[in-house]
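# Geometric and topological summary
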Amino acid sequence: MRIVILPTGDLAYNSGSVIYIKNLFKFLIQRGHQIYMIAKCMPKDIPEEYQGNIVVVESMIFHPIVDDRKIEKTQYYNMILDVLTTIKDLYLQFGKIDLIYAQYASINGFIASIVKNILDIPICLSVFGRDVNIGYNIDKLNRYMIFESIKNATCITVVNDYLKKKIDEIYEGTEQYVIPMPVDNEVMLCNDRFKFSQKDNTINIAVVASCFTTEKGIEIVLSAISYLIEKYNFHVYIAGQDDDDDLRNYRRIISFVEEKKMENNVTFLGYLSRRSVGKLLYSVDFLVDARMVGNFSSVILEALFCECMIFTSDISAHASLLERNTEFLFKNGDPLSLVKKIETYIEDKDYQNRCKRIIKNWKNKYWDYYSEDSCFNKVFEVFERCVKKENENRTS
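Worth saying up front: this structure is predicted, and the values here are computed from it rather than measured.

## Describing empty space enclosed by the protein
Within the structure shown, the criterion is met by 3 cavities of 30 Å³ or more. When its volume is computed, the largest cavity comes out at roughly 700 Å³. Lining the largest cavity are 47 residues, with Ser15, Gly16, Ser210, Lys216 and Arg291 sitting closest to its centre. Gly16, Ile19, Tyr20, Asn23, Met181, Pro182, Val183, Asp184, Ser298, Glu302, Glu372 and Phe376 together form the lining of the second largest cavity. Looking at the lining of the second largest cavity, the elements with two or more residues in it are helix H1 (16–30), helix H10 (298–305) and helix H14 (372–395). At 4 residues, the largest contribution of residues to the lining of the second largest cavity is made by H1. By residue class, the composition of the lining of the second largest cavity is 6 nonpolar, 3 polar and 3 charged.

## Brief notes about unusual backbone geometry
A positive phi angle, near 55°, is found at leucine 247, a position not held by glycine. Structurally, leucine 247 is set in the loop between strand E9 (234–239) and helix H8 (248–259). A relative accessible area of 38% places leucine 247 in the partly exposed class. A positive phi is found at lysine 261, a non-glycine position, where the angle reads about 55°. Tracing the backbone through its elements, the reader meets lysine 261 in the loop between H8 and strand E10 (266–270).

## Considerations on the state of the cysteines
Two cysteines joined by a covalent bond between their sulfur atoms form a disulfide. Here the structure, examined in full by the defined rule, presents 0 disulfides. Counting only cysteine sulfurs, cysteine 308 is the nearest neighbor of cysteine 306, a cysteine outside any disulfide, at a range of 7.4 Å. Owing to a relative accessible area of 6%, cysteine 306 belongs among the buried residues under this scheme.

## Overview of the environment of aspartate 368
Topologically, aspartate 368 is positioned in the loop between helix H13 (349–366) and H14. Aspartate 368 sits in the exposed class, given a relative accessible area of 58%. Separated by 186 residues in sequence, aspartate 368 and proline 182 have C-alpha atoms that sit 9.6 Å apart.

## Focus: the environment of isoleucine 111
Relative to the helices and strands, isoleucine 111 is located in helix H3 (residues 107–119). Put simply, isoleucine 111 and phenylalanine 286 are 175 residues apart on the chain and 42 Å apart in space, counted from C-alpha to C-alpha. When near neighbours in sequence (up to four residues on either side) are disregarded, isoleucine 111 contacts Leu6, Met79, Ile80, Val83, Leu84 and Ile87.

## Regarding the nonpolar core
Grouped together as the largest cluster of nonpolar side chains are 144 residues, with contacts concentrated most on Ile87, Leu222, Phe234 and Phe286. When near neighbours in sequence (up to four residues on either side) are disregarded, isoleucine 87 contacts Val4, Leu6, Ile38, Ile97, Ile100, Ile111 and Val115.

## Comments concerning the pairing of strand E1 (residues 2–6)
For E1, the tally of buried residues reaches 5 of 5 residues, placing the bulk of the element in the interior. Here E1 runs beside strand E2 (residues 34–39); their pairing, made up of 4 bridges, is parallel. By the bridge assignment, valine 4 is partnered in E2 with tyrosine 36. With respect to chirality, the unit in which E1 leads through H1 into the neighbouring parallel E2 is right-handed. Taken together, the 4 bridges between E1 and strand E4 (residues 99–103) define a ladder with parallel strand orientation.

The rules behind each value
- Residues numbered from 1 in each chain as written.
- Predicted model: local features only at pLDDT ≥ 70, side-chain atom pairs only at ≥ 80, totals over all residues.
- Heavy atoms only, no water.
- 1 Å grid on protein atoms, 1.4 Å probe; cavity = no way out; pocket = protein on both sides within 12 Å on 5 of 7 lines; lining within 4 Å.
- Points joined across faces, edges and corners; volume = space filled by probe spheres on them.
- Helix = DSSP H or I, 4+ residues; strand = E, 2+ residues; numbered from the N terminus.
- Nonpolar A, V, L, I, M, F, W, Y, C, P; charged D, E, K, R; others polar.
- Buried < 20%, exposed > 50% of the residue type's maximum accessible area, 1.4 Å probe, protein only.
- Disulfide = S-S within 2.5 Å.
- Contact = heavy atoms within 4.5 Å.
- Core = buried A, V, L, I, M, F, W, Y, C linked by side-chain atoms within 4.5 Å.
- Pairing = 2+ DSSP bridges.
- Right-handed = clockwise from strand over helix to strand, strands pointing away.

Listed below in structure tokens is the structure:
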């Protein structure tokens, strides 16, 4: 099958959806399909033999959904024109494109819908949450592009039932398939451990975020720890980086750390490779993810498969992933709720053992369900349904 992929523009920015699309891209090529991915830049972690299948369009916006800074309408306009021209060139070069796979109901899905209506190419749209949860409320333009993306898609893949319902609230009628985001195998290939410089009795905590926007809840974690550092010896390791050129989000968090006088309790690790994320998860006492909206964080899935203890906000996606086991969930946006969870875990050995047992059982139960082969084979089955459906529509 010949497929054009419209991913998150900046493939060097390893968010959960970027990791997902790069792994799917390699998976499909390895199985003999002709895949072309249009991206803002050439990612450094794609093997050289696959780089010829990536077409760079520099005018692409770095992420389809941007709510923390202003994107000029001319930037959307230029991206639409340039990506449409690139797809047209691929179409003329090969004479046929079987499918367009667009990440996010957004400008990506909107471009795909234009191509579908002009060149009669089916669309599979993937929705991860940031689009319908955040993008739909940014402004009139984003709302329009998201609506058109959903309305014109041949099929849609979503990562949970909550998003399926959310899409139906926007436009009901497009076929949807629930396929989970798989665990990244690369994370579990680490055979090493972090060597922490703190004292042996230090409780080491990981926060892993693809960016430092407020929705990631990093200050919630730091606020909770600020209540506890007089009683316990904590150190927080923050992995990730600010994707804003002026580093305003990083500076915001630094100011918070200084305000709480936590400079000696926090280390910023910067960008980590996938294996280094695994190394961190295997080494810390627990991971905390306090994201406030959207889909579940992919690092939670990775932590579970590394059998790392976790505490997460109780947003719907997290609660569903964890089968509503309250041992791991704290009230969204509430540092004191997180404080209680951490204190209980430290002081209660039975609680610790129960949490470890639940995680081990969860891992055994879902090992196959969240495997890359299982998830990506299901995605390709949806691709085949999309193509078959459009072929039937043409002949009816």
